[in-house]
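# Observations on the three-dimensional arrangement
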Amino acid sequence: MASEVNQKTGETARVDPRLFLREEELDNGIALLLASERIIGEITRKAKRQTGLNASSMRLLMTIRFEPGLTVSELRNLTGATTPTIARLLGELDKQNLVVKTQGGRDARRRRLTLSPEGELLMRPLVEQLRTALREAYRDAGATAVAGTRAVLEALTK
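The residue numbering used here restarts from 1 in each chain and proceeds along that chain's sequence as written. Per-residue local features are limited, in this predicted model, to residues with pLDDT of at least 70; the limit for side-chain atom pairs, both in listing and counting, is 80 or more; totals at the level of whole chains, interfaces and linings are taken over all residues. Excluded from the side-chain calculation are hydrogens and water; included are all heavy atoms of the structure.

Helix and strand assignments come from DSSP, with helices taken as H or I runs of at least 4 residues and strands as E runs of at least 2, each series counted from the N terminus. Counting its secondary structure elements, the protein chain contains six helices and five strands. Secondary structure of the protein chain in N-to-C order comes out as β-β-α-α-β-α-α-β-β-α-α. Split into buried and exposed, the 158 residues of the protein chain put 21% on the buried side. Sequence-distant contacts, at least 24 apart, represent 45% of the contacts inside the protein chain between residues at least 6 apart. Here's how the labels work: a residue is buried when its accessible area is under 20% of the maximum for its type, exposed when over 50%, partly exposed in between, all with a 1.4 Å probe on protein chains only. The contact rule is simple, with two residues in contact once any of their heavy atoms fall within 4.5 Å.

In structure tokens form, the structure reads like this:
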């Protein structure tokens, strides 16, 4: 059996690593993920209308905002966009002074991406709306749900 440390007490407890879930429970989890995606999509579409950016540009800005320091290759892998598409979109965002490319690491050709101050300002209302939605969901679910939710989502996105 594996062990797990209680974050509040620091005590170690034995846990059974086998977790049995019925198909209905898994289907319910998938439905909830899809509903969450719809809520995030609604918030993003509203921000898209307010900023005048297209959906692809908004997706890149969101990815860069929540995962700063990505390289162009990492951004391409995360978004599933092609190299020409990423180059075109980053070029447009660069012209609008929304992203900053800095030299990163030992390879001077690799550029790390972050939002510029203008990009941060543009994304601030979207970020606040997303934070509010998540904050309210966590409060409704209760304090114990926060760590469990995070653990499930991290495991899902590995």
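Having seen the model, we can carry on.
Read from one edge of the open sheet, three strands run β3-β5-β4, paired in antiparallel fashion. Both edges of this open sheet fall to β3 (70-71) and β4 (99-103), since each of them pairs with a single strand only. In the sheet, β3 pairs with strand β5 (residues 111-115) via two bridges, with the strands oriented antiparallel. When the bridges of β5 are listed, Leu70 appears paired with Leu113. Only the stretch in contact is used when fitting a helix axis, every axis being a line fitted to C-alpha atoms; angles between N-to-C directions are given from 0 to 180 degrees. Sheet strands touched by helix α2 (residues 55-66): β3, β4 and β5. Its angle to β5, the strand with the most contacts, is close to 100 degrees. Two strands pair under a simple rule: DSSP has to find at least two bridges between them.

By convention in these notes, a salt bridge is any Lys or Arg side-chain nitrogen within 4 Å of a carboxyl oxygen on Asp or Glu. Enumeration over the complete set of coordinates arrives at six salt bridges. Ionic pairing is found between Glu74 and Arg112, a salt bridge with its closest N-O pair at 3.3 Å. Note that Glu74 is positioned in helix α3 (residues 72-79) and Arg112 in strand β5, a separation of 38 residues in sequence. On the basis of relative accessible area, Glu74 is assigned to the partly exposed category, the value being 31%. Using a relative accessible area of 28% as the deciding quantity, one classes Arg112 as partly exposed.

Worth remembering: the numbers are spatial, not functional.
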